[in-house]
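As a plain string of letters, each chain reads:
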Amino acid sequence: AQTVTQSQPEMSVQEAETVTLSCTYDTSENNYYLFWYKQPPSRQMILVIRQEAYKQQNATENRFSVNFQKAAKSFSLKISDSQLGDTAMYFCAFLGSNYKLTFGKGTLLTVNP
Amino acid sequence: EADIYQTPRYLVIGTGKKITLECSQTMGHDKMYWYQQDPGMELHLIHYSYGVNSTEKGDLSSESTVSRIRTEHFPLTLESARPSHTSQYLCASSESGLSTDTQYFGPGTRLTVL
């Protein structure tokens, strides 16, 4: 079974600065997908970014980018120019051949003004 | 933003009542999922469906049941609610195929059983 580990339960960053959230996973599969989801307080879970394991190029979405290290099974999320609206719980998730998402425990990110 | 809806958003109910949590999506996705999430915690898959008349139990054991009679509708039912069922329930859907299997989530139903 796959496991996803987010070792930082909470993080904080000043507005306009950059922050990196960590995620590691364990799998024996070679073809899979990794995701970062954002869940603002009392609001809907939304997709931030997606990475296909067979692609060497790191995914980017505006201020959000990932550092995908397949050999190390590491998938960190970098948020540049942090904004107050980035305050949320961030979940790393793995999707393998069983088509079921496995989530990490989440990192609570607070952006301070 | 994905077109996936859940009702009610909040529900407070007494022990022993039967409840149904509704989930609908307008994207024509064939796969649908139910997750249970305690506040500030990770999500646990409790049910999933890969199409009409197909339902499976997820990784976390749950006393709830689901049905999938129509592609767009995936309701979850608790026959007799208990305080241990207090949690947030999230519905999600996705298209088939590993290349497009991104799950989109509804807003959730926060259930409190007294």
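Structural notes, computed from the coordinates. Values in this document were obtained by computation on a predicted structure and should not be read as measured data.

Let us now look at the pairing of strand E3 (residues 19-25) of chain B. Residues and elements named next belong to chain B. Side chains Ile 19, Leu 21, Cys 23 and Gln 25 project from E3 onto a buried face, and the interleaved Thr 20, Glu 22 and Ser 24 project onto a face without burial. Bridge count for strand E1 (residues 4-7) against E3 is four bridges, and the pairing is antiparallel. When the sheet's bridge partners are listed, Gln 6 is paired in E3 with Cys 23. In this structure, E3 lies alongside strand E8 (residues 76-78), joined through three bridges in antiparallel fashion. Among the inter-strand pairings, Ile 19 is bridged to a residue of E8, identified as Leu 78.

All names here are of chain B. The element strand E4 (residues 31-37) is largely enclosed, with a buried count of seven among its seven residues. The alternating pattern of E4 places Lys 31, Tyr 33, Tyr 35 and Gln 37 and Met 32, Trp 34 and Gln 36 on opposite faces, both of which are buried. Note: E4 against strand E9 (residues 87-94), seven bridges, orientation antiparallel. For Lys 31, the partnering residue across the bridge sits in E9 and is Ser 94. In the sheet, E4 pairs with strand E5 (residues 43-51) via six bridges, with the strands oriented antiparallel. Each bridged residue has a counterpart across the sheet, and for Gln 37 the counterpart in E5 is Leu 43. In this antiparallel pair of consecutive strands, E4 and E5, the connection spans five residues, and Gly 40 shows a positive phi of 70 degrees.

With an omega dihedral of -10 degrees, the bond running from Thr7(B) to Pro8(B) counts as a cis peptide bond. Notably, Asp81(A) is not glycine yet its phi reads approximately 50 degrees, a positive angle. Turning to its location among the elements, Asp81(A) is positioned in the loop between strand E9 (74-79) and strand E10 (88-95).

All names here are of chain A. Turning to its location among the elements, Lys 38 is positioned in strand E5 (residues 33-39). The buried charged residue Lys 38 lacks any salt bridge partner; its closest oppositely charged side chain belongs to Asp 86, at an N-O distance of 4.1 Å. At 2.9 Å, the side chain of Lys 38 and the backbone oxygen of Gly 85 are in polar contact. Those residues within four positions of Lys 38 in sequence are excluded, and the remaining contacts are Gln 44, Met 45, Ile 46, Val 48, Gly 85, Asp 86, Ala 88, Met 89 and Tyr 90.

Before going further, it helps to examine the pattern of salt bridges. Where charged atoms of side chains with opposite charge meet at close range, the side chains can pair. For the coordinates displayed, the defined rule picks out nine salt bridges over all chains. Arg63(A) is the partner of Asp86(A) in a salt bridge, and the nearest nitrogen-oxygen pair spans 2.8 Å. Of this pair, Asp86(A) sits in the loop between E9 and E10 while Arg63(A) sits in the loop between strand E7 (60-61) and strand E8 (64-69); the two residues are 23 residues apart in sequence, bridging distant segments of the chain. A salt bridge links Asp59(B) to Lys100(A), with the nearest nitrogen and oxygen atoms 3.4 Å apart.

Let us now look at the state of the cysteines. By the definition in use, this model includes two disulfides over all chains. Across the disulfide, Cys23(A) is cross-linked to Cys92(A) (sulfur-sulfur distance 2.0 Å). Since a negative S-S torsion denotes a left-handed disulfide, the Cys23(A)-Cys92(A) link at about -70 degrees is left-handed. Of this pair, Cys23(A) sits in the loop between strand E3 (19-21) and strand E4 (24-26) while Cys92(A) is found in strand E10, placing the two residues 69 residues apart along the sequence. Residues Cys23(A) and Cys92(A) agree in their burial class; the two are buried. The disulfide partner of Cys23(B) is Cys91(B), and the S-S distance across this bridge is 1.9 Å. Classification of the bridge connecting Cys23(B) and Cys91(B) rests on its S-S torsion, roughly -75 degrees, and on that basis the disulfide is left-handed. With Cys23(B) in strand E3 and Cys91(B) in strand E9, this residue pair connects regions lying 68 residues apart in the sequence. Its relative accessible area of 0% is what places Cys23(B) among the buried residues. A relative accessible area of 0% places Cys91(B) in the buried class.

Cut-offs and rules
- Residues numbered from 1 in each chain as written.
- Chains lettered and ligands numbered in written order.
- Predicted model: local features only at pLDDT ≥ 70, side-chain atom pairs only at ≥ 80, totals over all residues.
- Heavy atoms only, no water.
- Buried < 20%, exposed > 50% of the residue type's maximum accessible area, 1.4 Å probe, protein only.
- Helix = DSSP H or I, 4+ residues; strand = E, 2+ residues; numbered from the N terminus.
- Pairing = 2+ DSSP bridges.
- Lys, Arg positive; Asp, Glu negative; His and termini not counted.
- Salt bridge = Lys/Arg side-chain N within 4 Å of Asp/Glu carboxyl O.
- Polar contact = N/O pair within 3.5 Å; in protein donor to acceptor, adjacent residues only side chain to side chain.
- Contact = heavy atoms within 4.5 Å.
- Disulfide = S-S within 2.5 Å.

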